[in-house]
Every structure is written in C-alpha cells, then in structure tokens.
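# Secondary and tertiary structure notes
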Amino acid sequence: MNAERILIRYGEISTKGKNRNRFISQLENNIKNTLSDLKPVRFDSGRDRMHIELADASETEVVISRLKPVFGIQSFSPVVKASKDLDDVKQKAVDLVKAVRGKGDLFKVKARRADKKYPLDTNELNLEIGSHVLRNVDGLTVEMKKPDIELVVEVREEAVYLSAETIQGAGGMPIGTGNKASLMLSGGLDSPVAGYQMMKRGVEIEAIHFFSPPFTSEKAKEKVKELTAILSGFSGSIKLHIVPFTKIQQTIHQQVPENYTMTSTRRMMLRIADEIRKKTGSRAIITGESLGQVASQTLESMEAINAVSSTPILRPLIAADKTEIIDIAKEIGTYETSILPYEDCCTIFTPAAPKTKPKLEKVEFYESFVDFDALIQEAVEQTESVKLTVGYRAQEQKFEELF
Amino acid sequence: MLYLDNSATTKPDPAVLESYIKVTEQYYGNPSSLHGMGETAAQLVEMARKSAALYLNGSGKVIFTSGGTESNNLAIKGFAQSLRSRGNHLITTNIEHPSVLEVFRHLEKEGFAVTYLPVDERGVISIDQLRSALKKETILVSIMHVNNEIGSVQPIEEAGRVIKNHSRAMFHVDAVQSFGKLPIDPDKAGIDALSLSAHKFHGLKGTGLLYLNTDQQVVSQMLGGSQEFGLRSGTVHTAGAVALAKAMRLASEQLEEHRKHLIEGRDLLRNFFETREEAEVVSANDQAPHILAVSVPLLKGEVVVHALEKMGVYLSTSSACSSRITKKSHVLKALGLSDDVIKGAFRISLSPDVSLNDLEEFKKIWEEVIPPLLEGVKRNER
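In short, a report on the structure. As the structure is a computational prediction, the values presented were derived from the model and not from experiment.

Basis of the calculations
- Residues numbered from 1 in each chain as written.
- Chains lettered and ligands numbered in written order.
- Predicted model: local features only at pLDDT ≥ 70, side-chain atom pairs only at ≥ 80, totals over all residues.
- Heavy atoms only, no water.
- Helix = DSSP H or I, 4+ residues; strand = E, 2+ residues; numbered from the N terminus.
- Buried < 20%, exposed > 50% of the residue type's maximum accessible area, 1.4 Å probe, protein only.
- Areas by Shrake-Rupley, 256 points an atom, 1.4 Å probe, with all protein chains shown as cover.
- Contact = heavy atoms within 4.5 Å.
- Buried area = accessible area lost by both parts, 1.4 Å probe.
- Salt bridge = Lys/Arg side-chain N within 4 Å of Asp/Glu carboxyl O.
- Phe/Tyr/Trp six-rings, centres within 6.5 Å; stacked < 30°, edge-to-face > 60°.
- Lys NZ or Arg CZ within 6 Å of the ring centre and 35° of its normal.
- Pairing = 2+ DSSP bridges.
- Axes fitted to C-alpha atoms, helices over the stretch in contact; angles between N-to-C directions.
- 1 Å grid on protein atoms, 1.4 Å probe; cavity = no way out; pocket = protein on both sides within 12 Å on 5 of 7 lines; lining within 4 Å.
- Points joined across faces, edges and corners; volume = space filled by probe spheres on them.
- Patch = residues over 30% accessible without salt bridge, like charges linked within 9 Å, V, L, I, M, F, W, Y side chains within 5 Å.
- Parallel < 35°, antiparallel > 145°, perpendicular 65-115°, else oblique.
- Nonpolar A, V, L, I, M, F, W, Y, C, P; charged D, E, K, R; others polar.
- Polar contact = N/O pair within 3.5 Å; in protein donor to acceptor, adjacent residues only side chain to side chain.
- Core = buried A, V, L, I, M, F, W, Y, C linked by side-chain atoms within 4.5 Å.
- Left-handed = near helix turned anticlockwise from the far one by under 90°.
- Lys, Arg positive; Asp, Glu negative; His and termini not counted.
- Charge placed at Lys NZ, Arg CZ, Asp CG, Glu CD.

## Overview of the overall build of chain B
Assigned secondary structure in chain B consists of 12 helices and 12 strands. Every one of the 382 residues in chain B was classed for burial, and the buried ones make up 57%. Put simply, chain B shows about 16300 Å² of open surface, and 50% of that area lies on carbon and sulfur atoms.

## What about the overall build of chain A?
For chain A, the count of helices and strands is 14 helices and 15 strands. Split into buried and exposed, the 403 residues of chain A put 49% on the buried side. Taking as baseline every contact in chain A between residues at least 6 positions apart, the subset at least 24 positions apart corresponds to 80%. For chain A, the computed accessible surface area is about 18700 Å², with 48% contributed by carbon and sulfur atoms.

## Some words on the interface of chain B and chain A
Many descriptions give the size of an interface as the accessible area lost when the pieces come together. On the chain A side, the residues contacting the 17 residues of chain B number 9 residues. Taken together, the two surfaces of chain B and chain A that pack against each other cover about 1300 Å², and 61% of this comes from carbon and sulfur. Among the residues chain B hides against chain A, the three largest losses belong to E39, Q43 and M47 of chain B. Together they make up 39% of the total. Where chain B meets chain A, there are 2 salt bridges.

## Let's talk about the packing of aromatic side chains
How two aromatic rings sit relative to each other is given by the distance of their centres and the angle of their planes. Residues and elements named next belong to chain B. Evaluation of the coordinates by the stated rule reveals 15 aromatic pairs over all chains. Here a set of aromatic residues connected by ring pairs shows up, and it is made of F272, F273, F346, F362 and W366. Over the face of the ring belonging to F229 we find K61, whose NZ or CZ atom lies 4.7 Å from the ring centre. A cation over an aromatic ring shows up here: R84 above the ring of F112, its NZ or CZ 4.0 Å from the ring centre.

## A short note on the sheet that holds strand β4 (residues 113-117) of chain B
All names here are of chain B. If you trace the 7 strands from one edge of the open sheet to the other, you get β2-β8-β7-β6-β5-β3-β4, paired in mixed fashion. Every interior strand has two partners, whereas the edge strands, β2 (61-65) and β4, have only one. Recorded for the sheet is a direction-independent mean angle of 20 degrees between the axes of neighbouring strands. Here strand β6 (residues 170-174) pairs with strand β7 (residues 193-197) via 3 bridges, running parallel. Bridge pairing in β7 places V173 opposite L194.

## Considerations on the layout of surface pockets
One way to see where empty space is left: roll a probe the size of a water molecule over the atoms. Its boundaries defined by the atoms lining it, the largest pocket holds a volume of some 1200 Å³. Taken together, 34 residues form the lining of the largest pocket, with L340 of chain A together with A42, Q43, E46 and K50 of chain B sitting closest to its centre. At the level of elements, α6 (218-232) and α11 (335-338) of chain A together with α2 (36-54) and β2 of chain B are the ones that each hand at least two residues to the lining of the largest pocket. Looking at the lining of the largest pocket element by element, the count peaks at 10 residues for α2 of chain B.

## Re the environment of A241 of chain B
All names here are of chain B. You can see A241 is positioned in helix α7 (residues 238-253). Residues A241 and L209, 32 residues apart in the sequence, show an inter-C-alpha distance of 8.7 Å. Non-local contacts of A241, meaning those with residues more than four positions away in its chain, are made with A48 and F64.

## Remarks on a nonpolar patch on the surface
Residues and elements named next belong to chain A. A cluster of nonpolar side chains, L134, V142 and M144, forms an exposed patch at the surface whose accessible area comes to about 260 Å². When you line up the elements, L134 lands in helix α4 (residues 122-136). Assessed through its relative accessible area of 33%, L134 is described here as partly exposed.

## Topic: the pattern of salt bridges
Where charged atoms from two side chains of opposite charge approach closely, those side chains can pair. Residue and element names in this part refer to chain A. Summed over the entire model, instances satisfying the criterion amount to 37 salt bridges over all chains. The salt bridge involving K92 is made with D88; its shortest N-O contact spans 3.5 Å. Taken together, the residues K92 and D88, both in helix α3 (residues 86-99) and 4 residues apart, mark about one turn of the helix. Measuring nitrogen to oxygen at the nearest pair gives 3.7 Å for the salt bridge that ties K108 to E150. Here K108 is found in strand β5 (residues 106-113), whereas its partner E150 is found in strand β7 (residues 149-155), with 42 residues between them in sequence. Given a relative accessible area of 16%, K108 falls into the buried group.

## Topic: the packing of helix α7 (residues 246-255) of chain A against helix α13 (residues 372-381) of chain A
Residue and element names in this part refer to chain A. As a packed pair, α7 and α13 sit with axes 9 Å apart at the nearest point and diverge in direction by 160 degrees. The angle between α7 and α13 falls in the class roughly antiparallel. Between α7, through K247, I248, T251 and I252, and α13, the contact on the second element is made entirely by F372, L375, I376, E378 and A379. Here the contact of α7 with α13 is built from residues that sort into 6 nonpolar, 1 polar and 2 charged.

## Here's the deal with the environment of S295 of chain B
All names here are of chain B. Along the chain, the position of S295 falls in strand β10 (residues 291-295). C-alpha separation for the pair S295 and F273, spaced 22 residues apart in sequence, amounts to 9.4 Å. Filtering out sequence-adjacent residues up to four positions away, S295 remains in contact with E278, A279, E280, V282, D340, V341, G344, A345 and F346. One polar contact links the side chain of S295 to the main-chain carbonyl oxygen of G344, over a distance of 3.4 Å.

## A short note on the nonpolar core
In globular proteins that are soluble, nonpolar side chains generally tend to be buried together. Judged by nonpolar contacts, the single largest core of 66 residues is most densely connected at F403 of chain A together with L130, V141, F171, L194, L209 and M248 of chain B. It is α7 of chain B that provides the largest number of residues to this core, a total of 10 residues. Sequence-distant contacts of V141 of chain B, defined by excluding residues within four places in its chain, comprise I91, L130, L134, I163, A169, M170, F171 and H172 of chain B. In terms of nonpolar packing, the next biggest core, distinct from the first, is built from 34 residues, A194, V203, L388 and Y392 of chain A among them.

## Quick notes on the packing of α3 of chain A against α4 of chain A
All names here are of chain A. At their nearest, the axes of α3 and α4 sit 9 Å apart, and the two run at 50 degrees to each other. Here α3 lies oblique to α4, going by the angle between them. For the pair α3 and α4, the sense of crossing is right-handed. For the pair formed by α3 and α4, the contact residues are L86, V89, K90, A93, V94, V97 and K98 on the first element and L125, E128, I129, H132, V133 and N136 on the second. Class assignment for the residues of the contact of α3 with α4 results in 8 nonpolar, 2 polar and 3 charged.

## A closer look at a negative patch on the surface
A contiguous patch of negative charge on the surface is contributed by D321, E324, D327 and E331 of chain A. Note that D327 of chain A resides in helix α10 (residues 322-332).

## Re the pairing of strand β2 (residues 41-45) of chain A
Looking along a regular strand, one sees the side chains alternate between the two faces of the sheet. Looking at chain direction, β2 of chain A and strand β3 (residues 49-54) of chain A are connected through 5 bridges and run antiparallel. Residue pairing for β3 of chain A: V41 of chain A is matched across the bridge by L54 of chain A.

## A short note on the environment of G104 of chain A
All names here are of chain A. Position of G104 among the secondary structure elements: in the loop between α3 and β5. For G104, a relative accessible area of 17% corresponds to the buried category. Sequence separation between G104 and L140 is 36 residues, and the spatial gap between their C-alpha atoms is 8.2 Å. In this view, G104 contacts L140, D148 and I149; residues no more than four positions away in its chain are not counted.

## What about the sheet that holds strand β9 (residues 280-281) of chain B?
Residue and element names in this part refer to chain B. Taken in spatial order, the 3 strands line up as β9-β10-β12 in an open sheet, and their pairing is antiparallel. Each end of this open sheet is capped by a strand with a single partner; those strands are β9 and β12 (345-349). Inspection of the sheet shows β9 paired to β10 by 2 bridges, in the antiparallel sense. Opposite V281, over in β10, you have V294 as the bridge partner.

If you want it as structure tokens, here you go:
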C-alpha cells in the first residue's frame, strides 16, 4: 500500500512535562536518521502525535519497516490523502480497506470533522462511506465495539485523510533522551539483552568487550561485532571498544589464589570499563548480570566487584529469569548469534570452585602485590574502537561477488 | 559443433567456474577448522547455504552433496529408515531415474512394500491413482518433476496436495532435470525434500544439494565427522557449494527468459520432425521446455547418434546413463511404445545458448545425413 503520510503516536513521551519538546525533537531526529537514505520527509509534530509526510509514496513499505524498531513510537498508521470530493474519499476508502482485508471481517468507520464547514456531518460521513465500502468489499460485517478493521476518516481544511491500520511501534523512549552508558558486552545471551533494555529507555550505548587472544579466538571477536551490529539496528550505529585483556588475566592467574581469580578478573574489567566510560563521556555502566546466575552474580560478589567504582552500574536483568532473557534475545534477533559456542574471556581460566561469597578485604589484599594501575592504563591505551552499523558483514560483502 | 545433450550435462557457465577457481585458490581452509582460514571457509559455506535456500523460496535446510544421485539416495533411504516404525509402504513412479528406482528396488529387498505408479502415453502419472495408492502405512512418496528421457512433467503441486491431505507421508521430488527450466516452489507444492544437481544447469559436476523442508529426521547415509548437520559426513566442498549457489542464482534469475527461448527451439524441432516421414516424435506436447525425444523406428538410436556426431552434432539415445547399456529404456517401455520405436529413440536436449539458427542448421544436417542411411534398410531386413 502506498501512503502519503504516516501518523505516529508517541505513547510514553506524552506524559512528560517540561522536557516534552526535547523528547519530541530527539524522536524527530532519530526518525530522520533512520530514513536518511530515502527521499526527505516533512515533519509535523504536535503534542501527542507526529505526522510525517513522504516525498515518495512508493517508499511506504520501507518507511514502515524502518519505523518499527524506533523507540519512542507507541504505534503508527499509514495515512492516505484524498481530495474533499466525496467520490474520491469513497474510492480511497475502498482501496484502503481492501489492502488490509486480511485482518478480519468486522468493520467500522470512524469519521472526524475538523473542518466544520464540510457539507456532511460525522454521522452522514460514517453512513455514506461505510455503506459504500460494504457494497464494494465482499464479506464485511459492521461491528461497532471491537472491529478488526477501523477506517478512520479525518476531514481537514486542506484534504481528507484516511487510515485503516495501526502498526505496533517499539515503545520505550527515543534513544538519546537518556544520555549515554557503556555496555559490558561478553558475547553471551544476557549482555545484548541488557543493552537493548537500556536503549529502550532512551539510553544511547557504547559497548566494551574484553578480548584475550590466543585464549579467545577471532571467532569470538567476530561474534561480538555481529551482536553489536544487530543492536545498532535500534539506534543507527554503536561504537564497540575491544580491550586487550590477556596480560591482565595472566597476571591475575599468577598472583591471586585460584578461588579469587574470578572476583579479581571482574574487578579489573570494571575498572577498565570505568576508564573507557570516562573517556567517552558515558554516565553509567550496563551489565547483563542476573542475580544468582553464576558465582560472580551473587550479592556478595557484586559487593566485592562493585567496590572498585562509584559509577552507577545498571543491571536491567538483575531480576530476570534465564527463560525471559532468552525470549527477548529471540525477539531482538541476538539469540542465534549469542549461542555460537566460542569461548569468551569469562569462561577461560574459570576456577573449579570460584568463591560465591568473596570478601572485599581479601581480594584487595591479594591484588595489592601487583601494580594493576599500570596494566589497566596500558589496556585502555591499546583498546581498539570500531563503529558498527546494522549492515556490518565486512567479510560477506567481500564475498558477494563470488555468488 | 552443436551440443544438444544438455540433459546429460551442461557446459559450466564461465562465471560459475570463476567463483569456483577463486574459492579453491584463496579460501582452501577446511570449514571445520577452528582457525581463521577455516572460519572464512565456513562463512562461505553458510552464505552458499542461505543463498541456495533463497532460490528455493524457502526456509528449509540445505545439505550439500555430490549431486543428484547422492541426494536421491540420502532422501529416500534416509526417510525410509527413520520412518520405518510408522509404516513400510513407499510410492514412486516407474519412470524415475535409476538413482531413485534402484534405491526403491534395494528397499524392497529390505522388506519395504513399494507401489510403482504407471504413466499414461504422455508419460504422466494419474493423480487418482496416486490418491488410491496412499495408505495409512505410506511413509514416503518420491516423484520426479521432469523426466530425463522424454521430458514429461509430473503434476507436482497437485501430487503434493493429495499426499499432504490423504497421508502423513514425506514427499520427495527429484528436480534434477527441472531446476532452471520450470519454476518450483517447495512450500507451495508440499515438498519435504528436493534433489538438485548443479551440472544440469551450467554448474559443476560433483556438486548438488538436498533441500529438506521438514523437521522430520533423515538417517545419514555417510558416517564420519558429522558435517552438514550430521547428515553428510566428509570435508565440506567449499568451492563446490559457492559455485552451486551461483549457478542457482544465474539459472533462477533468467528462468522466464530461458524458458521462452527453449520452448521456441523445442517446438521448432517438433514441427520439423513431424514433417519427416522417417521420424516419430516421442515426447508429448507441452512438456519440459528443453527435452524432445524422437525415434527413427527403422534405425537404432545409436546409429542416429553416431551419424550426427560425424557432423559435429552431439545428442544421446534415451539417456546418457543408460545409453551404454543395451537394455531397453524402462521409461519408453512404460509409455507402451513398440519395440521399433524404442530401439530407434534418441533425445535432443537444449540449453539457452542453442540459437534458433543453430537448429535450422541442424535440420539441414539431418536431411543430409539421415535419409541416405534409410535407403539400404528394408522393412523385412530389420
């Protein structure tokens, strides 16, 4: 179906007070970004809804698919423009209903009249258009309370606008309205979901990954890049920081008693993440921790690990079950990539019996024999940063000519 | 030179060959290896897999094999063995390729009951007969899309509908001769497994696939390192997979154009042979676009083949596989043809690069070469 306009409903933004305009203009910006390669669209943003006017109606389907993942949109409807001539309105109404015919048989017209000078009033409009559609589309039944197809007809000064379909948006808040945070991205199931959850609340993210060659493989790194690329589908692009971590892991292994290596490793990761956060201007650190899932995710462990930083640590999955996390991972498309079986730096060097209740004084004591500051500084300096977009498949592009 | 034996094999497309060489030279790592080279090769194989599925319109699973024979063996034996507990009845037709028929004969020896559906004089099965052959115990039906010897086209979509509505049987289609010439949509036709071979559509020999469009288990016929989802062990042929996917793309993208051209050529030949007193057209009207079976009942098919070969025209007796065996073609027998017609049969199979001019040339060669051979042959001397 081709539409001249798309009506966008904000949902949660509309409850904001003074900041409302900031939210709306951020959303406008994000939509503009996601449509940047298409013909320019014109925005007409009101308090509760936004209209975008397409320069080329044949791009409707692409625009719809691009709007679906944009956070801050509750729902949206393609709108067809008709002249104020009643015959034209009727014709467009029939076309529109036919286009969404698959949704069911129960049908209703809801006319609204902003232009009070229009010769027909709302009831007459409902009757005229409704009966015309019923005559021309087979098998419809009128249903006022719960129609499958609701044809909305809006008569305005300049034209008549019709829509018959409401498409669910991604909800949440426009990305960027919640400032920026750094996501610790391992490559497992949880961290991409945690990142997604925060993006949904309007937070822009940068990702940090710890890479320990040769203990972790290129494949593992590739996998994390791919996960980042998938997440960037929600925001346009995401910067990924890849931290060389081998030296620190080996040092911990030599210095710290085995059952404390895990705690110490996490502490070092957090310290590095915090340094990178400062450099990039993020306000918080996001992790995919879920309470009790593994030894490092007990409250005691978190206490000992968290002690290295006073930066807010956001743990959107802390109370989520694994099955819930898996469901979201499937929904956002990270599941298939996350389950690829490559070891990350958290699974190598795993002690047989890590402490589930580590003591802060002890771990601090064990670490005190090495100058970790210098090692951390070195790791941060050698960190490699790449910007990933949803189209990331560098290798595949190179291969395309072979097919 | 005029090559008219494209159902036996086709000339590889240079673009396909180019991909094959490039992959072989540059990405020769074993896709199962852990290192980067292996990873790259694995990535290529997965891209080929996705691409191949795309040209079958589906979300099914692609298993790379060595070609049509292996794919047919894997599908038929694989389903029969995995579904044995559900029943032991199988259905196929009596004009299948040997790589299907022989597998069914083998399964008969293992205790399966097989119904061989007959064909009418056009070489087409009856849907009613298929319906009445289906039983509660039927676990597999295998029907070829296009026959390799006479080009008859089976009503695959109707067959699929009947099979799915009247039984729980798996439906396997040998589409080796049809891919690239006729559209085929496994989802629409209720096909659970489909065999392809690349060298029949300008790809390379030794490469093919089995497309599995079902969750039903298939028992592996090749044990070892569990490659290809455990269904086909053996180092995966990276370059072969890539070249196959490319050949599929080229064939699919130009299908409509090619089909029109092939039909024109086929009908030109049909009209020609219908005016020739010495020849009899065996293929029925409006069957496969690229195959025309003809017979000169007064000569042996191989005489026609050799006579034309001297003039640089290459074609086959009924099928390339069976033409070296003196046995009478099971397909032509199934049509109920007389022995003379069967003995004198040969097959012309076209490719998109055979032009109408080439075929006009062929007509001249025929008129020059064949009639003189008939002069010494009297009916009572045969």
